[in-house]
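Geometric and topological summary
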Amino acid sequence: SSVQRTLVLVKPDGVARGLTGEVLRRIEAKGYRLVALELRTAPAALLEEHYAEHAGKPFYAPLVEFMGSGPLVAAVVEGDRVIEGFRSLAGTTDPTTAVPGTIRGDLGRDWGLPVAQNIVHGSDSPESAAREIGLWFPGV
Ligand code: DAT
Ligand code: MG
């Protein structure tokens, strides 16, 4: 079977703008299932680990700071090819050029470098999903 799990984050900008429900609505409307869901303010150590692949890049420190700037919503989402499928729902990284119809394309605003604000995170591969779910939801 091609049922997978992915880690989704509604980032602090999405939560602050009241878009949590809209993001979850799109996930559920697509037919994906929520397996775990939690509102929390993430400590820097968790965020540094989550974004370890970007350590050393110019946007790394501002990204970690932004992600810890307020509550976010962390979720484990399950479904057929959901890793690829949620990335498709989310749209590309830059909200200005993300295709309309996607979360970032419809709802994202230009992020004003160096602080990146594009509403959602989704794991980018089965290996990332396993690693990230282990970090955010050790019991799941
Ligand atoms: P994605 O979130 O689409 O997987 P990513 O993993 O390459 O993108 O980067 C993680 C986050 O870092 C991304 O959501 C926004 C921010 N970011 C990425 N590239 C950036 C850049 N060139 N300038 C500013 N922020 C950036
Ligand atoms: Mg990524």
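For the chain, an unreviewed UniProt entry supplies the name Nucleoside diphosphate kinase and the organism Flavimobilis rhizosphaerae. The Function (unreviewed entry) comment attached to the chain in UniProt states, word for word, "Major role in the synthesis of nucleoside triphosphates other than ATP. The ATP gamma phosphate is transferred to the NDP beta phosphate via a ping-pong mechanism, using a phosphorylated active-site intermediate." Per UniProt, the chain has the following entry under Cofactor (unreviewed entry): "Mg(2+)".

Right, let's talk about the sheet that holds strand β4 (residues 120-122) for a bit. Strand order in this open sheet of four strands is β2-β3-β1-β4, and the pairing throughout is antiparallel. For this open sheet the edge positions go to β2 (33-40) and β4, each flanked by a neighbour on one side alone. Between one strand axis and the next, the sheet turns through 20° on average, direction left out of account. Contacting β1 (3-10), β3 (72-80) and β4, helix α5 (residues 82-90) runs over the sheet at an angle of about 35° to β1. Contacting β1 and β3, helix α7 (residues 126-136) runs over the sheet at an angle of about 60° to β1.

Next up on the list: the UniProt feature "binding site: ATP" (unreviewed entry) in the chain. Annotation from UniProt places "binding site: ATP" (unreviewed entry) at K11, F59, R87, T93, R104 and N118. For R87, the position within the fold is in helix α5. Assessed through the 17 C-beta atoms surrounding it within 10 Å, R87 is described here as partly exposed. For R87, the contacting residues outside a window of four places in its chain are G122 and D124. As for its placement among the helices and strands, T93 is situated in the loop between α5 and α6 (103-107). Residue class for T93 comes out exposed when judged on the 12 C-beta atoms lying within 10 Å of it.

Bringing the nonpolar core into the picture now. The biggest cluster of nonpolar side chains holds 31 residues, and the ones touching the most others in it are V8, L9, V10, V77 and V120. Contributions of two or more residues to this core are made by β1, α2 (20-29), α4 (60-67), β3, α5, α6 and α7. Of all the elements, β3 adds the most residues to this core, at six residues. Apart from residues lying up to four places away in sequence, V77 is in contact with R5, T6, V8, I27, Y32, R33, L34, V35, V82 and F86.

What counts and what doesn't
Residues numbered from 1 in each chain as written. Chains lettered and ligands numbered in written order. Predicted model: local features only at pLDDT ≥ 70, side-chain atom pairs only at ≥ 80, totals over all residues. UniProt positions renumbered as here; feature names shortened; annotations may be inferred. Pairing = 2+ DSSP bridges. Helix = DSSP H or I, 4+ residues; strand = E, 2+ residues; numbered from the N terminus. Axes fitted to C-alpha atoms, helices over the stretch in contact; angles between N-to-C directions. Contact = placed C-beta atoms within 7 Å. Buried ≥ 20, exposed ≤ 12 C-beta atoms within 10 Å, placed from the backbone. Core = buried A, V, L, I, M, F, W, Y, C linked by C-beta atoms within 7 Å.

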